[in-house]
Amino acid sequence: MNEHRPFIINLMMHWTCLLMAVALTSALPATAHADDEHCRQDSPTVFVIQGEIDDAMAACVKARFQPSTTELLLDSRGGSVEAAITIAQHFEGHGLAMRVRNECSSSCANYFLPLAGQLIVEPGALIVIHGGADPMLVKEMRDEGEPELVVAALSQLAELQLDFARRNAIHPGWLLYRQAGRATTDALDGVWEGSSASTHAYVVEEKMARSCLGGVEVLPFQDALNRGPLQPSRAQKLHQQGVARSASVVCNSMDWEDVIAPTRSALSPPPALHQ
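Note that the structure is a prediction, hence the values are computed from the model and not measured.

Draft legend 1. Structural detail: the overall build of the protein chain. Counting its secondary structure elements, the protein chain contains 10 helices and 11 strands. The buried share of the protein chain, taken over its 275 residues, is 49%.

Now the structure itself:
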């Protein structure tokens, strides 16, 4: 199973589009922003982010996000890692309440939610993760013969993510972080429910959220998950789409120093996490 495949495709598209756009840059407006529906200061205390996370969204947040904000309303399937981290820098140290409406997945979950002071998952909403930029993903892309320009860009992105995660004490398990040569992360314990060879993403349930987001007040949401998206008929549809449940999976006691220690032996036993 390659749980990072959607991320690889997203990255390839991002960099291909970026390179194609270089020649057209002078023709584009200098202050392109996401529209009001997707990025807006809804009230003095509530800011809304909806839709794809990209450079336009990052520019919009920079222009519109007010220091009086105490709550983010999030509804996004994710997008660009770099844009998400750029946006998240506006939230660092503020302990904002973050309200998930419908979905907060991929980059939205990876880089926004760990910065929350309080996490509110509305009934029917989902948090979905599939990992981020890590050394194993860089190795996989290099081994698959991807252009060195793309591999180098991913390496830089992995360093950007690592710096951001360590600065904000984001647990490596939340990012499914893997060292080169490791098929799965060492920073999680437990078993994904419904995982198979076609699984590429995971619904975060309350148990995992509480263990991985240690500095966040996580309001109860498991019952609403069980009555909504994870009721048997709907859970089966998620399974068919390659999405498993976090179930018993939790972040363990490993921290970044443990995960990235250069002395870790390549012959160490496989992690406890089963997929």
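Draft legend 2. Structural view of the state of the cysteines. This structure, assessed with the given rule, holds 3 disulfides. For C39, the disulfide goes to C60, at an S-S distance of 2.1 Å. Of note, the bridge from C39 to C60 carries an S-S torsion of about -105° and is left-handed in sense. Here C60 lies in helix α2 (residues 55-64) and C39 lies in strand β1 (residues 39-41), a separation of 21 residues in the sequence.

Draft legend 3. Structural detail: the packing of helix α5 (residues 135-143) against helix α6 (residues 148-167). Contact geometry of α5 with α6 gives a least axis separation of 10 Å together with a crossing angle of 180°. Between α5 and α6, the angle falls in the class roughly antiparallel. Residues L137, V138, M141 and R142 of α5 pack against E148, V150, V151, L154 and S155 of α6. Among the residues making up the contact of α5 with α6, the classes are represented as 6 nonpolar, 1 polar and 2 charged.

Draft legend 4. Representation of the confidence of the model for the protein chain within the structure. Per-residue confidence for the protein chain gives a mean pLDDT of 86; residues scoring 70 or more make up 83%. Scored below 50 in pLDDT, residues 7-31 shows 22 contacts in the model against residues more than four places distant or in partner chains. Here residues 262-272 scores under 50 on pLDDT; set against residues more than four positions off or in separate chains, the count is 13 contacts.

Draft legend 5. Here's a closer look at the packing of helix α3 (residues 81-88) against α6. Between α3 and α6, the shortest axis-to-axis distance is 10 Å and the interhelical angle comes to 25°. As far as their axial angle goes, α6 and α3 are roughly parallel. Between α3 and α6 the crossing geometry is left-handed. Residues V81, E82, I85 and A88 of α3 lie in contact with α6, whose contacting residues are L157, L160, Q161 and F164. Of the residues that constitute the contact of α3 with α6, the class distribution is 6 nonpolar, 1 polar and 1 charged.

Draft legend 6. Broad picture of the nonpolar core. Within the largest apolar cluster, 69 residues are counted, with the highest numbers of intra-cluster contacts made by F91, F112, L113 and W174. It is α3 that provides the largest number of residues to this core, a total of 6 residues. Among all residues touching F112, those that are not within four sequence positions of it are I49, I53, L74, A84, I87, A88, F91, M98 and S107. Of all hydrophobic cores here, the second largest spans 8 residues; its members include M141, V150, V151 and A158.

Draft legend 7. The side chain of H171, seen in detail. Topologically, H171 is positioned in the loop between α6 and β7 (188-189). Polar contacts involving the side chain of H171 include one to the main-chain amide nitrogen of G173, which spans 2.8 Å. Not counting chain neighbours up to four residues away, the residues in contact with H171 comprise A187, C212, C251, N252, M254 and W256.

Draft legend 8. Structural view of the pairing of strand β6 (residues 126-129). A two-sided burial pattern is seen for β6, the buried positions comprising L126 and V128 on one face and I127 and I129 on the other. The pairing of strand β4 (residues 97-105) with β6 spans 3 bridges and is parallel. Directly across from E103, in β6, lies its bridge partner L126.

Draft legend 9. Geometry of the pattern of salt bridges. Summed over all chains, the structure comprises 15 salt bridges. With its nearest N and O atoms 3.4 Å apart, the salt bridge here joins R178 to E140. Taken together, the positions of R178 in the loop between α6 and β7 and E140 in helix α5 put the pair 38 residues apart, joining distant regions of the chain. Measuring nitrogen to oxygen at the nearest pair gives 2.1 Å for the salt bridge that ties R166 to E257. Taken together, the residues span a long stretch of sequence, with R166 in helix α6 and E257 in helix α10 (residues 256-259) at a distance of 91 residues. Take R166: its relative accessible area is 37%, and that puts it in the partly exposed class.

Draft legend 10. How the structure looks around the environment of A247. With respect to the element layout, A247 can be found in the loop between β10 (243-245) and β11 (250-251). In this structure A247 comes out as partly exposed when scored by relative accessible area, which is 22%. The spatial distance from the C-alpha of A247 to the C-alpha of Y202 is 9.6 Å, given a sequence separation of 45 residues. Contact partners of A247, with chain neighbours within four places excluded, come to V191, E193, E205 and K207.

Rules behind the numbers
- Residues numbered from 1 in each chain as written.
- Predicted model: local features only at pLDDT ≥ 70, side-chain atom pairs only at ≥ 80, totals over all residues.
- Heavy atoms only, no water.
- Helix = DSSP H or I, 4+ residues; strand = E, 2+ residues; numbered from the N terminus.
- Buried < 20%, exposed > 50% of the residue type's maximum accessible area, 1.4 Å probe, protein only.
- Disulfide = S-S within 2.5 Å.
- Axes fitted to C-alpha atoms, helices over the stretch in contact; angles between N-to-C directions.
- Parallel < 35°, antiparallel > 145°, perpendicular 65-115°, else oblique.
- Contact = heavy atoms within 4.5 Å.
- Nonpolar A, V, L, I, M, F, W, Y, C, P; charged D, E, K, R; others polar.
- pLDDT = per-residue confidence, 0-100.
- Left-handed = near helix turned anticlockwise from the far one by under 90°.
- Core = buried A, V, L, I, M, F, W, Y, C linked by side-chain atoms within 4.5 Å.
- Polar contact = N/O pair within 3.5 Å; in protein donor to acceptor, adjacent residues only side chain to side chain.
- Pairing = 2+ DSSP bridges.
- Salt bridge = Lys/Arg side-chain N within 4 Å of Asp/Glu carboxyl O.

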